[in-house]
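Observations on chain architecture
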Amino acid sequence: MKKPEAAYVHIPFCSQICYYCDFAKVVVAGQPVDAYLEALIDEWRGYTISNLKTLYIGGGTPTVLSPQQMKKLLSALTEVLSDTADMEITVEANPGDLSDEMISALADSPVNRVSVGVQTFDNRLLKKIGRNQTADEALSALTRLRAAGFENLTVDLIYGLPGQTLDDVIRDVAQFLALDLPHIALYGLILEDHTRFMQLERMGKLNLPTDDRAADMYEYIVSQLTAAGYGHYEISNFSKPGFESKHNLTYWDNAEYYGVGAGASGYVNGVRYKNHGPIQHYINSVDKRVTADTLTEHQKMEEELFLGLRKATGVSVATFDAKFSQSFSAVYGDVVDKLAKTDLVSYDGQILRLTERGFELGNEVFAEFLLDT
Ligand code: SF4
């Protein structure tokens, strides 16, 4: 069986907890970080990985590690790889953690892409969402990353924040465009359970923009990014040509990948698995996996659609037919006929893709592709 060509490594520590975040993470203070890294490196070595196209180190916040811990981690992850020269190797970073020493640790390793969690360039809003960084720190980090030789830089921006106006969004977009970076991931704020924002919302204290106002923000951002030459290549992602995230395209192509670390998910040999989330459980467990599900063919088909439709290139009927025992038209012909009458998808008999409006209302479309399992 073909081995996965992508790997995700999870560092579940953060210096603070953002008010909107439901990722697998804990505050780093007091955590057994070194023991965690040892356990993670053991898990990594257990896969006997030697060839990858992409490696993504995310979190949490990987740059909350000390520069020495980061060097040790990067060295252990990459020493087993036969050739890192053509790989995409990404590290997620918090602007406030990017000291010159941390940037040197990244620049002296095979890491060649850095994803910086900017979220907004507005200090008032940064405070409101629980980020412990300033806009100046983000701008300084990006400047120093470039000076250290990193060209492939991406930032995350969030819109629809509490108290955010369209004018605030216009300023964020102008600041992003002035930086002339090759890639951006754009997210509308989603209220998740067990977050401080959800608590505030339940108390009626959040003051979110209305859905219409959030839609105006989204449409404004998309129009500005596309006018500036960024391709909207995935629902949440925009890039200059050639800077699409190879790692994330692995997910959207429904290809397999290793997931390593506490709370990480992976997909290997047809099995979707999830590791123990609590740090001590992860460190102490021999088998790191807490769930491991072999997907049925119907589940694989659904995922092919859910993930593939996130891309501007859409879902290829020929690829679907080659992967599965039933043809695309036999499984989804009726659904596609129905959706083709809306302005949410386009279909030419070979490729099914979401329209710009479909990108905005993706979940409505995805629900149509659920099958009886
Ligand atoms: S958004 Fe990122 S930095 Fe903030 S708590 Fe979540 S994982 Fe940590």
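Rules of the game
Residues numbered from 1 in each chain as written. Predicted model: local features only at pLDDT ≥ 70, side-chain atom pairs only at ≥ 80, totals over all residues. Heavy atoms only, no water. Buried < 20%, exposed > 50% of the residue type's maximum accessible area, 1.4 Å probe, protein only. Helix = DSSP H or I, 4+ residues; strand = E, 2+ residues; numbered from the N terminus. Pairing = 2+ DSSP bridges. Salt bridge = Lys/Arg side-chain N within 4 Å of Asp/Glu carboxyl O. Domains from an automatic or database assignment. Contact = heavy atoms within 4.5 Å. Buried area = accessible area lost by both parts, 1.4 Å probe. Axes fitted to C-alpha atoms, helices over the stretch in contact; angles between N-to-C directions. Polar contact = N/O pair within 3.5 Å; in protein donor to acceptor, adjacent residues only side chain to side chain. Parallel < 35°, antiparallel > 145°, perpendicular 65-115°, else oblique. Left-handed = near helix turned anticlockwise from the far one by under 90°. Nonpolar A, V, L, I, M, F, W, Y, C, P; charged D, E, K, R; others polar.

1. Brief notes about the pairing of strand β6 (residues 113-119)
Here β6 lies mainly inside the structure; seven of its seven residues are buried. Side-chain alternation along β6 places R113, S115, G117 and Q119 on one buried face and V114, V116 and V118 on a second face that is also buried. For strand β5 (residues 88-93) and β6, the ladder comprises four bridges, and the chain directions are parallel. Looking at the pairing, E92 lines up with S115 of β6.

2. Concerning the pattern of salt bridges
One pass over the full model with this rule turns up 17 salt bridges. Taking the shortest distance from any N to any O, the salt bridge between D193 and R202 comes out at 3.2 Å. D193 sits in the partly exposed class, given a relative accessible area of 41%. Looking at R202, the relative accessible area reads 63%, which means it is exposed.

3. Notes on the domain arrangement of the protein
For the protein, the assigned domains are domain 1 (6-251) and domain 2 (296-373). Measuring from the centre of the C-alpha atoms in domain 1 to the corresponding centre in domain 2 gives 29 Å. Each partner contributes to the interface: domain 1 provides 11 residues, whereas domain 2 provides nine residues. Each partner contributes to the roughly 850 Å² buried at the junction of domain 1 and domain 2, and carbon and sulfur atoms together form 53% of this total.

4. Observations regarding the sheet that holds strand β7 (residues 152-159)
Strand order in this open sheet of nine strands is β9-β10-β8-β7-β6-β5-β4-β1-β11, and the pairing throughout is mixed. Since the sheet does not close on itself, it has two edges, and those belong to β9 (231-234) and β11 (258-260), each with one partner. Put simply, the sheet's adjacent strands are angled 20° from each other on average, direction ignored. Across the sheet, helix α2 (residues 67-79) is in contact with β1 (6-11), β4 (54-59) and β5; its angle to β4 comes to roughly 150°. Set on the sheet, helix α5 (residues 135-147) makes contact with β6 and β7; between it and β6 the angle comes to about 170°.

5. So, the environment of N363
One can find N363 in helix α15 (residues 362-366). The exposure class assigned to N363 is exposed, which follows from its relative accessible area of 63%.

6. Some remarks on the side chain of T120
Assignment of secondary structure puts T120 in the loop between β6 and α4 (123-128). In this structure T120 comes out as buried when scored by relative accessible area, which is 0%. A distance of 3.0 Å separates a polar side-chain atom of T120 from the backbone nitrogen of D122. Apart from the residues within four sequence positions on either side, T120 is in contact with L125, L126, I129, L157, L161 and D172.

7. Details of the packing of helix α11 (residues 297-308) against helix α13 (residues 328-340)
Packing of α11 against α13 brings their axes to within 12 Å, and their N-to-C directions diverge by 55°. The angle between the axes of α11 and α13 places the two elements in the oblique class. Crossing geometry of α11 relative to α13 is assigned as right-handed. Two secondary-structure elements touch here, α11 through M301, E302 and L305 and α13 through F328, V331 and Y332. A per-class count over the contact of α11 with α13 returns five nonpolar, no polar and one charged.

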